[in-house]
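Residue-level listing of the chains:
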Amino acid sequence: MKTISFIIVALLTINLSVNAQSRPSDRLFEKLALQKGITMLSFSKEMLDAVNMNFDNDKGDKENKVTGDLHEVKVVIYKAPETGESIDFRGEALRYLPLNKFRVIDAEEYEIDNKNGTVDIRVNGSGRKIKECHLLFQGETNGVLLSFFGDFKVEDVKEMAEKLDDYK
């Protein structure tokens, strides 16, 4: 009986530790991957280290580097199918980025241009340190979700949001 109790406790501990290591947004990517019209790309830390994440400013003459350490970048592109039913991409994405786990960053505060669409920014972290940053752009029918994972500062969010323009 003690052996069975030990095995049950060990399995519960392993299960809790595996769930504790998952990121709050992992479920979002699992759900979106199954939807029609979704293209998903993921760039690992090794790939990011190889290309360096540098951002040119508006004038194109100065580079801004993300001051923290990026571990992964995910890009989700939604193109509504020409035939069939489209999904509420923005609603689906925000449903898996709840306000009890993510805080909202005001796009106007960081002078991020919406350009005929809606931009939502949600971050997970404590204080000025960010673990996850999700930039969601929704046009009339299509959308893009750009997600950054790692240890970086809130000041880097503007440069990341400007990178979203490349994917719109």
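Before reading further, recall that the structure is shown in the block above.
Within every chain, residues take consecutive numbers counted from 1 along the sequence as written. In keeping with the model being predicted, local features are shown solely for residues with a pLDDT of at least 70 and side-chain atom pairs are shown and tallied solely at 80 or more, while totals for entire chains, interfaces and linings include all residues. As a rule here, side-chain values cover all heavy atoms of the structure and leave hydrogens and water aside.

Participant: In this structure, what is going on with the pattern of salt bridges? I would like to understand it.
Facilitator: Between side chains of opposite charge, a pair can form as their charged atoms come close. We define a salt bridge as a side-chain nitrogen of Lys or Arg found within 4 Å of a carboxyl oxygen belonging to Asp or Glu. Enumeration over the complete set of coordinates arrives at six salt bridges. The residue lysine 74 makes a salt bridge to glutamate 72 at a minimum N-O spacing of 3.9 Å. Considered together, lysine 74 and glutamate 72 belong to a single accessibility category, that of buried residues. For arginine 90, the salt bridge identified is with aspartate 120, shortest N-O distance 2.6 Å. Of the two residues, arginine 90 sits in helix α4 (residues 89–95) while aspartate 120 sits in strand β6 (residues 118–126), which places them 30 residues apart along the sequence. Between buried and exposed lies partly exposed: a residue is buried under 20% and exposed over 50% of the maximum accessible area for its type, with that area taken using a 1.4 Å probe on protein chains only. The class for aspartate 120 is buried, based on a relative accessible area of 14%. Connected through shared salt-bridge partners, Arg23, Asp26, Glu72 and Lys74 make up one network. For the purposes of this entry, the term helix denotes a DSSP run of H or I that reaches at least four residues, the term strand denotes a run of E that reaches at least two, and both are numbered from the N terminus.

Participant: Can you walk me through the pairing of strand β8 (residues 143–153) in this structure?
Facilitator: In the case of a regular strand, side chains alternate between the two sheet surfaces. Here β8 lies mainly inside the structure; nine of its eleven residues are buried. Strand pairing follows a simple DSSP-based rule, namely that at least 2 bridges must link the two strands. The pairing of strand β4 (residues 69–78) with β8 spans nine bridges and is antiparallel. Across the sheet, glutamate 72 pairs through a bridge with phenylalanine 149, a residue of β8. For strand β7 (residues 129–138) and β8, the ladder comprises nine bridges, and the chain directions are antiparallel. When the bridges of β8 are listed, isoleucine 130 appears paired with phenylalanine 152. Hairpin connection of β7 to β8: four residues between the antiparallel strands.

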